[in-house]
Amino acid sequence: MSQINSPAELEEFRQSILSKRDPDKHCITLCSGSACHASGSAEVIASIEEEIKKQGLGAEVDVRRTGCHGFCERGPIIVIHPEEICYFQIEPKDVPEIISQTIKEKKLIERLLYTDPGTNKKIIHESEIPFYKYQKRLVFGSNGSIDPKSIEDYLAIGGYAALAKVLSGMTSEQVLDEVKKSKLRGRGGGGFPAGSKWEGSRNAPEKIKYVIVNADEGDPGAYMDRALLEGNPHSILEGLTIGAYAIGSHEGYIYVRQEYPLAVENVHIAIKKAEEYGFLGKNILGSGFDFIVKVHRGAGAFVCGESTALMTALEGRAGEPRPKYIRSNIKGLWDRPSVLNNVETWANVPLIINKGADWFTQFGTEGSKGTKIFSLVGKITNTGLVEVPMGMPLRDIIYKIGGGIPGGKKFKAVQTGGPSGGCVPEELLDLQVGFDELTMAGSMMGSGGMIVMDEDTCMVDVSRYFIHFLTDESCGKCVPCREGLRQMLRILTNITEGKGKEGDIELLEELSETAREAALCALGKSAPNPFLSTLRYFRDEYEAHIREKRCPALSCKELIAFHIDPAKCQACMMCLKKCPAEAIVGGKNKIHVIDQEKCTKCGTCFEACPPRFGAVKKISGEPVPSPVPEEERIIIRKSKEK
Amino acid sequence: MDNDKIDQIVDNHGCEASSLIQILLDIQSENHWLSKEALEKVSKSLQVPLTRIRHIATFYKAFSLVPKGRHEIHICVGTACHVRGATRVLDTVQDLTGIRPGETDLDLKFSLETVNCLGCCALGPVMEVDGKTHGKMAPSKAAGVLRNYE
């Protein structure tokens, strides 16, 4: 392929791609994102290809490996175009039937369709499934229909049109004004207005400037940036190039975690293709604008998601943050003006240019415009990635899209914003999602992790978990974070182990205040949030742990015990056989008893006991009842009495 | 790991000191750990002091300064897996292998690590052995998976 040298040539080329594509031809798209891959999509696609060959349909059916469709709970997912028939949880054994029935005979396979849990009706099309129906997929929408390794696929859906528009007809001021007018705010956590950040760099006197993609997605339970990079890398490259044009930069970096091998691979391929076609490199689309992009793999440090630490890491040093007396958009990478934005922020840029700031601002709330992708995970029926307009109430996201809490359990809280965020309790579920709204509730938007917790989750343990995470990830440069968090972790661990004492809560509050005031970077400053927000809404749980040595959620290992109710035990041997510690004594027709000395509290017996018996109980804050005497442990079954 | 291979990796990155982390990552993925000799070799080629290299090798989680076992177990302890019971899985695996996160057993059979999120939250709790993801783990299931490795 020769280079494309002008916007007109790009349009011509796009038309030639489209003319070769028959919209009525069957095309099977299969999600090949990391999550579906883990649930077996590679085997499925292999058998699809084999089966198509076997049935001689090679010329009539296309197969396309796409990025993440978002509905990870039901993976592997396939969608058959043009009918848009959506099948879930496909296994290789289903494939011959799909090819012979659905492709050849045009018949639906009922059992692979989505069943609406409310009405029990089968749903055929993706857009009608509640999980997708209530979303607004502006940024994430193309993920399910294009092959991330193919630049033609991206061009076929109008890719690089925004770049052509910018390079052929807009001055850099106009681009900047459009982004400012769109009120786009950074999707990575801080929510800083992207336009102002760009303007700062643009106006900085230094000649050499950089643009950087922050794909060091470290928040546990958040994976939307990975899904975008894996599924639609060109959209990020296009946004980055437009940003570079706006501020006058000729060199960009993508900082991506090495824990995301597929994202690294797809980005490398995308850059290579874009260079071949002339969307990157010298004289892009004949405009005279030069821009190159390099990929830097992060070596595993949470703190490198912080802007100054990330830039230090890019320079090839240990990623420690520095004080921000001068912002990094003025003095960043190698002391030069550097615009760092999150993956999702960059992916929004081509949309804003293509459709205009006015179109963009119609979505969202006063302070937060556009949409946001959340990763809806934890104790939720429909785990996956959801993109919703800003301002949607949390309740709608969790119940309408997420399908509520599985197993008939009660909702307790939703944790947003990753380790720097906080927990939002049930009484605030009608809160609209937005940068300012979440901050007011004591949490934050963060990068978009949304972890749902039910009644079995102990909030003290959640707070301990996050402080433990941050203690581990603290770079150690400043004292409030390095030492303060360590002490907070010690106190919280004591509380969850039943060694808490009066005054602990106050001491934790004091340490929190110091970290918040005096830590060097955002990691330390926001580190106490998980503790402070859980204390604000769930103080009673802390007090139960400290005063009564009781874990109300029956989750803290040191504070609970497992006990078999002799009145309910049917001596079925289920728990006895499964116990990995061999701590259960009993036998056939002999009531089982847990040897508390041997018990490791792994909970296997609790899960093994058939629900209709429900004999295994978790108890907390009270002594374990002593086992029934040996002679009373024989069960005489009624059927055998005759 | 031989010196030629290290030279080749250094050359691939244009022998630039700013690529130090990228070079160490490549050596790590090739060799599964960073030996003292390898670090000294990189130090010489890039003209970067060994102290700085060790600073980086100990700062970032991806690097290991000790050899790894034949099978690498990664247990996800991300928030989503945590609320679904990852700690119980981790406890069981520790009991079975006799090693704690960051350690390798004496037979060099297993190395155990915890990771903060593998991004397969729908499958949580997740355990990864040699890159293969095992989802919806429970203590008894984890024991079953580990039995398959020699």
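No experiment lies behind these values; they were computed from the predicted model shown.

Observations regarding unusual backbone geometry
Residue and element names in this part refer to chain A. Note that the residue after Gly 75, namely Pro 76, is joined by a cis bond; omega there is -15°. With respect to the helices and strands, the residue Pro 76 is situated in the loop between strand 2 (61-66) and strand 3 (78-81). For the peptide bond that leads from His 81 to Pro 82, omega is 0°, which places it in the cis range. Structurally, Pro 82 is set in the loop between strand 3 and strand 4 (85-87). If you check the backbone angles, Lys 106 has positive phi at about 60° while not being a glycine. For Lys 106, the position within the fold is in the loop between helix 4 (95-105) and strand 5 (114-115).

Quick notes on the pairing of strand 17 (residues 584-587) of chain A
For a regular strand, side-chain orientation follows a simple rule: the groups alternate between the two sheet faces. Residue and element names in this part refer to chain A. Of the strand pairs in this sheet, strand 17 and strand 18 (residues 590-594) are connected by three bridges, and their pairing is antiparallel. Across the sheet, the residue bridging to Ile 584 is Ile 594, located in strand 18. Linking two consecutive strands that pair antiparallel, namely strand 17 and strand 18, is a turn of two residues; a positive phi of about 60° is found at Asn 589 within it.

Things to note about the domain arrangement of chain A
What the domain assignment reports for chain A is domain 1 (24-81 + 85-124), domain 2 (151-361), domain 3 (371-454), domain 4 (459-547) and domain 5 (560-641). Relative placement of domain 4 of chain A and domain 5 of chain A: their C-alpha centres are 37 Å apart.

Let's talk about the packing of helix 8 (residues 172-182) of chain A against helix 11 (residues 233-247) of chain A
Residue and element names in this part refer to chain A. Running from N to C, helix 8 and helix 11 point in directions that differ by 120°, and their axes come no closer than 7 Å. Here helix 11 runs oblique to helix 8, going by the angle between their axes. You can see that helix 8 and helix 11 cross each other, and the crossing is left-handed. Taking contact as the criterion, the partners of Ser 172, Val 175, Leu 176 and Val 179 in helix 8 are, on helix 11, Ile 242, Tyr 245 and Ala 246. Across the contact of helix 8 with helix 11, the residue classes break down as six nonpolar, one polar and no charged.

What about the sheet that holds strand 4 of chain A?
All names here are of chain A. Taken in spatial order, the four strands line up as 2-1-3-4 in an open sheet, and their pairing is mixed. Edge strands, defined here as strands with exactly one partner in the open sheet, are strand 2 and strand 4. On average, each strand axis in the sheet is tilted by 20° relative to the strand beside it, whichever way the strands run. Bridge analysis of strand 3 against strand 4 gives three bridges, and the strand direction is antiparallel. Bridged to Ile 78 within strand 4 is Tyr 87.

Overview of the domain arrangement of chain B
Assigned domains of chain B: these are domain 1 (3-59) and domain 2 (71-146). Each of domain 1 of chain B and domain 2 of chain B has a C-alpha centre, and these two points are 29 Å apart.

Observations concerning helix 11 of chain A
Residue and element names in this part refer to chain A. When the terminal C-alpha atoms of helix 11 are compared, their 22 Å separation across 15 residues agrees well with the 21 Å that a helix rising 1.5 Å per residue should span. Among the 15 residues of helix 11, 15 are classified as buried, and the element is accordingly described as predominantly covered. Gly 248, located one to two residues past helix 11, shows a positive phi value of around 85°.

Regarding the interface of chain B and chain A
On the chain A side, the residues contacting the 36 residues of chain B number 41 residues. Broken down by secondary-structure element, the contributors of at least two residues to the side of chain B that touches chain A are helix 2 (20-31), helix 4 (50-59), helix 5 (79-83), helix 6 (86-97) and helix 7 (139-146) of chain B. Considering only residue class, the side of chain B that touches chain A consists of 19 nonpolar, 13 polar and four charged.

Considering the environment of Thr92(B)
In this fold, Thr92(B) is placed in helix 6. On the basis of neighbour counts, which here come to 24 C-beta atoms within 10 Å, the residue Thr92(B) falls in the buried class. Sequence separation between Thr92(B) and Lys141(B) is 49 residues; the distance between their C-alpha atoms is 10.0 Å. Thr92(B) has contacts with Pro580(A), Cys602(A), Pro139(B), Ala142(B) and Ala143(B), leaving out every residue within four places of it along the chain.

Some details on helix 8 of chain A
Residue and element names in this part refer to chain A. Those residues of helix 8 lying buried are Val 175, Leu 176, Glu 178, Val 179 and Ser 182. Viewed along the axis of helix 8, the buried residues span an arc of 160°, placing them on a single side of the element. Packing partners of the buried residues in helix 8 comprise helix 7 (161-169), helix 9 (194-203), helix 11, helix 14 (343-355) and helix 15 (357-361). Count one or two residues on from helix 8 and you reach Lys 183, which has phi positive near 55°.

Rules of the game
Residues numbered from 1 in each chain as written. Chains lettered and ligands numbered in written order. Predicted model: local features only at pLDDT ≥ 70, side-chain atom pairs only at ≥ 80, totals over all residues. Helix = DSSP H or I, 4+ residues; strand = E, 2+ residues; numbered from the N terminus. Pairing = 2+ DSSP bridges. Domains from an automatic or database assignment. Axes fitted to C-alpha atoms, helices over the stretch in contact; angles between N-to-C directions. Parallel < 35°, antiparallel > 145°, perpendicular 65-115°, else oblique. Left-handed = near helix turned anticlockwise from the far one by under 90°. Contact = placed C-beta atoms within 7 Å. Nonpolar A, V, L, I, M, F, W, Y, C, P; charged D, E, K, R; others polar. Expected span 1.5 Å × (residues − 1). Buried ≥ 20, exposed ≤ 12 C-beta atoms within 10 Å, placed from the backbone. Arc of directions from axis to C-beta.

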